[in-house]
Amino acid sequence: MPLSVSADNYLQTSPNGVSDKQPLIIKLLAQLVSVVFHPLFINGYVAYYLVFMQPGFFDGMNEKAKVFIVIQVIINMIFFPAIAVFLLKATGFIKSVFLKTQKERIIPYITSSIFFFWMYLVFRNQSFIPIRLTAFVFSVFISASAALIANIYFKISMHGIGVGGLLGFFLLIIFKDSSFGITLPFMAVLFICGLVLTARLLASDHSVKEVYYGFFMGLIIQLLCALVIRS
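Before going into details, it helps to say that this report is about the structure given with it. Quick caveat, the model's predicted, so the values are computed rather than measured.

1. Focus: the environment of Ala 30
Here's step 1: With respect to the helices, strands and loops of the structure, Ala 30 is situated in helix H1 (residues 24-36).
Here's step 2: Ala 30 gets classed as buried once you look at its relative accessible area, which sits at 5%.
Here's step 3: Not counting residues up to four positions away in its chain, the partners in contact with Ala 30 are Ala 199, Leu 202 and Ala 203.

2. Here we look at the side chain of Ser 112
Here's step 1: Following the sequence through the fold, Ser 112 ends up in helix H4 (residues 102-124).
Here's step 2: Overall, Ser 112 belongs to the buried group, its relative accessible area being 11%.
Here's step 3: For Ser 112, the side chain forms a polar contact with the main-chain oxygen of Pro 108, separated by 2.8 Å.

3. Topic: the pattern of salt bridges
Think of it this way: side chains of opposite charge can pair up when their charged atoms draw near.
Here's step 1: In total, this model carries two salt bridges according to the counting rule given.
Here's step 2: Residue Lys 66 is joined to Glu 63 by a salt bridge in which the shortest nitrogen-to-oxygen separation is 3.8 Å. Of this pair, Lys 66 and Glu 63 both sit in helix H3 (residues 63-90), three residues apart, roughly one helical turn.
Here's step 3: Among the salt bridges present, the one from Lys 155 reaches Asp 205, with a minimum N-O distance of 2.7 Å. You can see Lys 155 sitting in the loop between helix H5 (131-150) and helix H6 (158-177) and its partner Asp 205 sitting in the loop between helix H7 (183-203) and helix H8 (208-228), a full 50 residues away along the chain.
Here's step 4: Residue Lys 155 is classed as buried on the basis of its relative accessible area of 8%.
Here's step 5: A relative accessible area of 42% places Asp 205 in the partly exposed class.

What counts and what doesn't
- Positions within a chain are numbered from 1, following the residues in the order the chain's sequence is written.
- The predicted nature of this model means local features are confined to residues of pLDDT at least 70 and side-chain atom pairs, given and counted, to a pLDDT of 80 or more, with totals for whole chains, interfaces and linings taken over all residues.
- To obtain the side-chain values, all non-hydrogen atoms of the structure were included, while hydrogens and water were left out.
- Secondary structure elements are defined from DSSP: runs of H or I of at least 4 residues count as helices, runs of E of at least 2 residues count as strands, and each element is numbered from the N terminus.
- Under the scheme applied here, a residue whose accessible area is under 20% of the maximum for its type counts as buried, over 50% as exposed, and between as partly exposed, the area being computed with a 1.4 Å probe on protein chains only.
- Any two residues whose heavy atoms approach within 4.5 Å are treated as being in contact.
- Any pair of N or O atoms that falls within 3.5 Å is considered a polar contact. Within protein, one atom must be able to donate a hydrogen and the other to accept it, and sequence-neighbouring residues count only if both atoms are side-chain atoms.
- A carboxyl oxygen of Asp or Glu within 4 Å of a side-chain nitrogen of Lys or Arg is what we treat as a salt bridge.

Pasting the structure below:
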């Protein structure tokens, strides 16, 4: 009997269509990128950039007040959501802090949305907070809520949503606020988007559809929220 060998014997692919036979160093770097640019951390990066690196939004505010604003974002939009995930893991409600299944993502989406909405309410009622930061926080809340709904049907990429929102935020800075000094940061954001999306295809079991649907969802929601909360 002739021996028949298909291409599948030589190339094993994961559900996202990327080869599973990636070098270990590539997988480790992809995981590192996924951690550094976790969607929760992006909230802190945006707040820091807007408060300390983008001129005009917080002129006249002392350094202590600026630091306090960033700390509020870190506590409510990074620390508390992360603690909720770790508590869910410790109590056995989820199997992994990486939230690998749709079922495991339900409660984290809900708890994160609560913290995001609270942060939006706080900033909305503080007149010294620029509308750009308030609109960003509101978009994060809407994105988490939309992801919860999308999660019913497929495991949309949270990292995709995060970098999509990041790109949308910088597009708003360029076209609605000021293009001064934004060229290099915007180029860096474009690079980060490509890096993170590639990393998720290499280091996760997301399909290409889940990654790019997340990216465009985050981008579109960011832009729409800027229209709802007009500057």
